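# Tertiary structure, described
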Amino acid sequence: MEKTAGSRLKYLTELLIQSYMTHEEIIKIDSSNILNRSRVIDIVEKLRSLIFPGYFGKKNISASSVEYYTGDMLEEVAYVLQEQIARSLYYSSAYAGLGKEIIAGKADDICFQFLSRLPEVREHLAADVSAAYDGDPAAYSLDEIISSYPGIYAITVYRLAHILYELAVPLIPRILTEHAHGVTGIDIHPGAVIGHHFFIDHGTGVVIGETTVIGNYVKIYQGVTLGGLSTRGGQTLKGVKRHPTIENHVTIYSGASILGGATVIGEGVVIGSNAFVTKSIPEKTKVSVKNPELQYKLDDQRRSEKEELDQNAFWDWVI
Amino acid sequence: MEKTAGSRLKYLTELLIQSYMTHEEIIKIDSSNILNRSRVIDIVEKLRSLIFPGYFGKKNISASSVEYYTGDMLEEVAYVLQEQIARSLYYSSAYAGLGKEIIAGKADDICFQFLSRLPEVREHLAADVSAAYDGDPAAYSLDEIISSYPGIYAITVYRLAHILYELAVPLIPRILTEHAHGVTGIDIHPGAVIGHHFFIDHGTGVVIGETTVIGNYVKIYQGVTLGGLSTRGGQTLKGVKRHPTIENHVTIYSGASILGGATVIGEGVVIGSNAFVTKSIPEKTKVSVKNPELQYKLDDQRRSEKEELDQNAFWDWVI
Amino acid sequence: MEKTAGSRLKYLTELLIQSYMTHEEIIKIDSSNILNRSRVIDIVEKLRSLIFPGYFGKKNISASSVEYYTGDMLEEVAYVLQEQIARSLYYSSAYAGLGKEIIAGKADDICFQFLSRLPEVREHLAADVSAAYDGDPAAYSLDEIISSYPGIYAITVYRLAHILYELAVPLIPRILTEHAHGVTGIDIHPGAVIGHHFFIDHGTGVVIGETTVIGNYVKIYQGVTLGGLSTRGGQTLKGVKRHPTIENHVTIYSGASILGGATVIGEGVVIGSNAFVTKSIPEKTKVSVKNPELQYKLDDQRRSEKEELDQNAFWDWVI
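Everything numeric in this text was worked out from a predicted model, so none of it was measured.

Thresholds applied
Residues numbered from 1 in each chain as written. Chains lettered and ligands numbered in written order. Predicted model: local features only at pLDDT ≥ 70, side-chain atom pairs only at ≥ 80, totals over all residues. Heavy atoms only, no water. Helix = DSSP H or I, 4+ residues; strand = E, 2+ residues; numbered from the N terminus. Buried < 20%, exposed > 50% of the residue type's maximum accessible area, 1.4 Å probe, protein only. Polar contact = N/O pair within 3.5 Å; in protein donor to acceptor, adjacent residues only side chain to side chain. Contact = heavy atoms within 4.5 Å. Pairing = 2+ DSSP bridges. Buried area = accessible area lost by both parts, 1.4 Å probe. Salt bridge = Lys/Arg side-chain N within 4 Å of Asp/Glu carboxyl O. Least-squares fit on C-alpha atoms with pLDDT ≥ 70 in both. pLDDT = per-residue confidence, 0-100. Axes fitted to C-alpha atoms, helices over the stretch in contact; angles between N-to-C directions. Parallel < 35°, antiparallel > 145°, perpendicular 65-115°, else oblique. Left-handed = near helix turned anticlockwise from the far one by under 90°. Nonpolar A, V, L, I, M, F, W, Y, C, P; charged D, E, K, R; others polar. Domains from an automatic or database assignment. Phe/Tyr/Trp six-rings, centres within 6.5 Å; stacked < 30°, edge-to-face > 60°. Lys NZ or Arg CZ within 6 Å of the ring centre and 35° of its normal. Expected span 1.5 Å × (residues − 1).

### Some remarks on the side chain of His181(B)
- Examined against the element boundaries, His181(B) turns out to sit in helix α8 (residues 172-184).
- Judged by its relative accessible area of 2%, His181(B) is buried.
- In terms of polar contacts, His181(B) uses its side chain to reach the side chain of Glu178(B), at 2.8 Å.
- Beyond its immediate sequence surroundings of up to four residues, His181(B) is in contact with Ile186(B), Asp187(B), Pro150(C), His202(C) and Thr204(C).

### Things to note about the pairing of strand β15 (residues 294-298) of chain C
- Counting buried residues in β15(C) gives four out of five residues, a clear majority hidden from the surface.
- The pairing of strand β14 (residues 285-289) of chain B with β15(C) spans five bridges and is antiparallel. Counted as the bridge partner of Val287(B) is Tyr296(C) from β15(C).

### Thoughts on the interface of chain C and chain B
- The partner chain B presents 66 residues to the 75 residues of chain C that form the contact.
- Both sides of the chain C and chain B interface together cover about 6,800 Å² of buried area, and 58% of this is carbon and sulfur.
- There are four salt bridges connecting chain C and chain B.
- Here Asp143(C) and Lys28(B) are joined by a salt bridge, their closest N and O atoms 3.2 Å apart.
- Counting across the interface, chain C meets chain B through 22 residue pairs in polar contact (both at pLDDT 80 or more).
- Examining the composition of the side of chain C that touches chain B, we find that nine residues originate from one element, helix α5 (residues 118-135) of chain C, more than from any other.

### Focus: the pattern of salt bridges
- A full pass over the atoms with the stated rule returns 46 salt bridges over all chains.
- Residues Arg48(B) and Glu45(B) are paired through a salt bridge, measuring 2.8 Å at the closest nitrogen-oxygen approach. One end of the pair is Arg48(B) and the other is Glu45(B), both in helix α2 (residues 37-51) and three residues apart, which spans about a single turn.
- In this structure, a network of salt bridges that share partners links the residues Arg8(A), Asp108(B) and Asp109(B).

### Thoughts on the relation of the copies chain A and chain B
- With an RMSD of 0.0 Å, the fit of chain A onto chain B corresponds to turning through 120° and sliding 0.0 Å along the axis. Viewed as a symmetry operation, the transformation between the two copies matches a three-fold axis.
- Both copies present different contact surfaces, since only 5% of the interface residues of chain A are interface residues in chain B too.

### Structural notes on the confidence of the model for chain A
Residue and element names in this part refer to chain A.
- Across chain A, the average pLDDT comes to 88, with 90% of residues at 70 or higher.
- The model gives residues 303-319 a pLDDT under 50, and that stretch makes 42 contacts with residues more than four places away or in other chains.
- Both scores are available for the predicted complex, with the pTM at 0.91 and the ipTM at 0.89.

### Quick word on the packing of helix α3 (residues 66-89) of chain A against helix α1 (residues 5-22) of chain C
- Two elements in contact, α3(A) and α1(C), have axes whose closest approach is 9 Å; the angle formed by their N-to-C orientations is 125°. With respect to α1(C), the element α3(A) is oriented oblique. For α3(A) against α1(C), the interelement crossing comes out right-handed. The residues of α1(C) that touch α3(A), namely those facing Val66(A), Glu67(A), Thr70(A), Gly71(A), Leu74(A) and Glu75(A), are Leu9(C), Leu12(C), Thr13(C), Leu16(C), Ile17(C) and Tyr20(C).
- When its residues are assigned to classes, the contact of α3(A) with α1(C) shows seven nonpolar, three polar and two charged.

### Description of the sheet that holds strand β10 (residues 257-259) of chain B
Residues and elements named next belong to chain B.
- Across the sheet, which stays open at both edges, the five strands sit in the order β1-β4-β7-β10-β13 with parallel pairing between neighbours. The two strands at the open ends of the sheet, each matched to only one other strand, are β1 (187-188) and β13 (276-277).
- As paired strands, β1 and strand β4 (residues 207-208) are joined by two bridges and run parallel to one another. Residue pairing for β4: Asp187 is matched across the bridge by Val207.

### Topic: the relation of the copies chain C and chain B
- In screw terms, the move from chain C to chain B is a rotation of 120° and a rise of 0.0 Å along the axis, fitting with an RMSD of 0.0 Å.
- Comparing contact sets, just 4% of the residues at the interface of chain C also lie at the interface in chain B, consistent with a heterologous contact between different surfaces.

### Quick notes on the domain arrangement of chain A
Residue and element names in this part refer to chain A.
- Considered domain by domain, chain A is made up of domain 1 (12-188) and domain 2 (192-319).
- Once you take the C-alpha centre of each, domain 1 and domain 2 turn out to be 30 Å apart.
- On the side of domain 2, 19 residues touch domain 1, which itself brings 21 residues to the contact.
- Between domain 1 and domain 2, the buried area comes to about 1,500 Å², and carbon and sulfur atoms account for 57% of it.
- Taken together, the links from domain 1 to domain 2 amount to twelve residue pairs in polar contact (both at pLDDT 80 or more).
- Mapped by element, the contributors of at least two residues to the side of domain 1 that touches domain 2 are α5 (118-135), α7 (150-166) and β1 (187-188).
- When grouped by side-chain class, the residues that make up the side of domain 1 that touches domain 2 number ten nonpolar, seven polar and four charged.

### With respect to the packing of aromatic side chains
- Across all of its chains, the model carries nine aromatic pairs over all chains by this definition.
- A ring pair is formed by Phe52(C) and Tyr55(C), whose centres lie 6.5 Å apart and whose planes are at 90°; its orientation type is edge-to-face. Residue Phe52(C) shares its accessibility class with Tyr55(C), and that shared class is buried.
- Cation over ring: Arg8(A) sits above Phe112(B), and NZ or CZ is 4.4 Å from the ring centre.
- In this structure, Lys238(A) is placed above the aromatic ring of Tyr140(B), and the distance from its NZ or CZ to the ring centre is 4.0 Å.

### Considering the side chain of Thr177(A)
All names here are of chain A.
- Inspection of the secondary structure puts Thr177 in helix α8 (residues 172-184).
- Taking relative accessible area as the criterion, Thr177 reaches 4% and is therefore assigned buried.
- With near-sequence residues (within four places) excluded, Thr177 lies in contact with Val157, Tyr158, Ala161, Ile188 and Pro190.

### Examining the sheet that holds strand β15 (residues 294-298) of chain B
- Sheet architecture is open: six strands sit in the order β3(A)-β6(A)-β9(A)-β12(A)-β14(A)-β15(B), paired in mixed fashion. Each of the sheet's edge strands pairs with one partner strand only, and the pair in question is β3 (199-201) of chain A together with β15 of chain B.
- Relative to strand β14 (residues 285-289) of chain A, strand β12 (residues 270-271) of chain A is paired through two bridges, and the arrangement is parallel. The residue bridging Ile271(A) from the neighbouring strand is Val287(A), located in β14(A).

### Some thoughts on the interface of chain A and chain B
- Each side of the interface is counted separately: chain A has 66 residues, and chain B has 74 residues.
- Both sides of the chain A and chain B interface together cover about 6,800 Å² of buried area, and 58% of this is carbon and sulfur.
- Joining chain A to chain B, the criterion identifies three salt bridges.
- A salt bridge links Asp109(B) to Arg8(A), with the nearest nitrogen and oxygen atoms 3.0 Å apart.
- Where chain A meets chain B, there are 20 residue pairs in polar contact (both at pLDDT 80 or more).
- Those elements giving two or more residues to the side of chain A that touches chain B turn out to be α1 (5-22), α8, β13 (276-277) and β14 of chain A.
- Across the side of chain A that touches chain B, the residue classes tally to 28 nonpolar, 20 polar and 18 charged.

### Brief notes about helix α4 (residues 100-116) of chain B
- Helix length check: α4(B), at 17 residues, gives a terminal C-alpha distance of 24 Å against a target of 24 Å (1.5 Å per residue), a fit within 8%.
- Buried residues belonging to α4(B) abut α1 of chain A together with α2, α3 (66-89), α5 (118-135) and α7 (150-166) of chain B.

### Here we look at the packing of helix α2 (residues 37-51) of chain A against α3(A)
All names here are of chain A.
- As a packed pair, α2 and α3 sit with axes 10 Å apart at the nearest point and diverge in direction by 155°. What the angle tells us is that α2 and α3 run roughly antiparallel. When you trace α2 past α3, the crossing you get is left-handed. Here Arg39, Val40, Ile43, Lys46, Leu47, Ser49 and Leu50 of α2 lie close against α3, whose contacting residues are Tyr69, Thr70, Met73, Leu74, Glu76, Val77, Val80, Leu81, Glu83 and Gln84.
- Broken down by class, the residue content of the contact of α2 with α3 amounts to ten nonpolar, three polar and four charged.

### Details of unusual backbone geometry
- Even without being glycine, His202(B) reaches a positive phi, approximately 65°.
- Within the secondary structure, His202(B) sits in the loop between β3 (199-201) and β4.
- Even without being glycine, His249(C) reaches a positive phi, approximately 55°.
- Counting through the fold element by element, His249(C) comes out in the loop between β8 (245-246) and β9 (251-252).

### Focus: α7(B)
All names here are of chain B.
- Between the first and last C-alpha of α7 there are 24 Å, a value that for 17 residues agrees with the 24 Å anticipated at 1.5 Å per step.
- Buried residues dominate α7, accounting for 15 of its 17 residues.
- One or two residues past the end of α7 sits Ala168, with phi positive at roughly 60°.

Here it is as structure tokens:
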């Protein structure tokens, strides 16, 4: 900004400082404990290379080097994660007033508990990957699934974030799942409880709410919402079960919405595309939408030959 | 590319050069004024750290340092933004034939006007953040909302892009909102006019068209389209109001489509999930879809016990 | 991790190593041929700057320098791409047991064939860009479309990935399209066959399955699925045509689903928003949903004035 640059800059700076004083609620000043979002997200990539060794790390791993590799990587992760967890604890009333030392210690323990559960995360993800392979004719190999499927990425990040959520770590779990949401279009709240052999195909637009409970061998498609019926209660609804329960071996096709904390989808149920379900469904039921009738309009010279195209007979197909 | 590498390379280069000559419309040669997309996007992150100081900047800000910090950051932003705006002006017929000096001056003024409006942007965003907190039982703190909610990210970028759009800056506004679209799945055209206390929950799949007008205290969910009825008119429709008007205190649930430039959704209206609305709705009305009937199919041994599950009684729930 | 850090780290490392031995299917050890995902994605950006010269490259290109620029960039791309293709071939049974030299040679040839088809890609993309301009009243210039439209980004990456798919390169095609899926929310399988003048508006949530065939001058909107009817057959369905065929000059509005490998959408057909189509549609037909009836609820003092708002008359509008 040429010539008057100096004065303009001074003017703009004063304007902003005034604005800071008017809206302090969206400022973080004198906090030495700001989370470093990019570092937190960086940890995810390192954790993925610990979970799927050899897939995401830069360097090739040999049988002989794997132990050193793992040790090094774990130390790196632990160092950064412990620090970010410590910072996050300052956001929690539960830790209010505690000294730097004590909080560092707590963060250390939480970090350790978290990392001890990585084998459990791998256990689940191995099952999720095989579910993806079995469930998707377009999948050519486990390699392809691990290295490119958004569903696997979102579920990996969710499984990590969920453990931190269980350990009552503030902010970080949501930062992780919202990062995955940005990368994949799949929005899984870290509070959701999800069993093994979980497969999300395509995934864009999937929403899984905070109090959702999902069993094992569940398969869902793009645009599926597992949500609340209404959130107009706002903060008064905090902690209330607002999202559905999905039992084992349920398949939910694209665009279906299943809403409400009292809604239970029984074992083995199949929900057809675009179904809007707000009540419980008994086990082994197949639910499909009697699809809105389609209207056909042919150009005049062909109006005669207009044959009846019944669209509701797609029943046997979708389910 | 071993052995024949040289000759192959020569051949491939010639192929491409020929292709460049055949399709010059998708080339930019001899333009010293190409926008640097990554720089433009980089500015967004710097502006966010000016709007929410302490949240996104790398370094911690103290009460004493905030003025210097702000001044420095503003200078940085102004420097890059002024240059990119200058480059963008070469894309506008309104500036055709003007000299480098004059265009630089215009860019300088536009940049100044833009930055002077940052306090107004903060004013709106402070309201948007509090609307998010009040509206979402899953929100744990303002910190969480500011640091991880995609809706807030998309609205922040939109509010900045909209001012540049009002200042008739070419290209940059759309580059900014499409960047946010990529990050969040929320597609807000910079031309849309949106009031304060605006909240987008989850957000993936939201589309808000160029001529949409949205009042204050409006809340929308994932998959909502505020769009045109048909765009088969193509460029002939430029400038025409093609998208709806949403008045104050309206809530629009997931998957609803509201289409058409003459469509006005009155104050206090609530639109249920998946509603498809192409006509105006009077104020204080609650609109919901008589949901497509669901069909149930039980495995034979249980067909007997099939009870009527009426799905249309969800009315009182959704609204 | 203070004090007990050492022992904790040792413990955690052993835990993970055990876990690696239990789930070897999700490990890649002693493979010197791991694809480098970030390098593969990096190639996309370089290829875009070869396809749209002057738009994405860092440096400005002059008529005199374009040949050198192109040669240099091609050499760079060829070098990295050839290596990554070679690595990918180790994932394919077709190349099992072949020596490093032979595989390098094959990779070299594939890379050459791929790059020789860049002019064809430009041919198609020039048509796609003009289709976007003609079809979208919100588009201000070709520059805007090339530099910011997610549809163009997704189609560009698809067109490149599809050639690699035709050349039977493993993994890389899907890594590319899933990268674009992450960036744009548009999920196009590299196996799909798509003609010229293809336009995707907004795009978030679009899914185009592996065996989809799309003609020329086709236009689709956000949330459109071109999918399979059911994938419960899993891997047994591999290779079977599971996704629809869309003929020339078809328009498909937002949220419509067209499913099934036997489903053919005839030339010039228009499909309205949210239509769910599982059967073939004859040419020149306009299909729209008889939209689910809307229910209105006014607050008591206004219940009297409740007028009939017929929502099914939107027919003439949407189509």
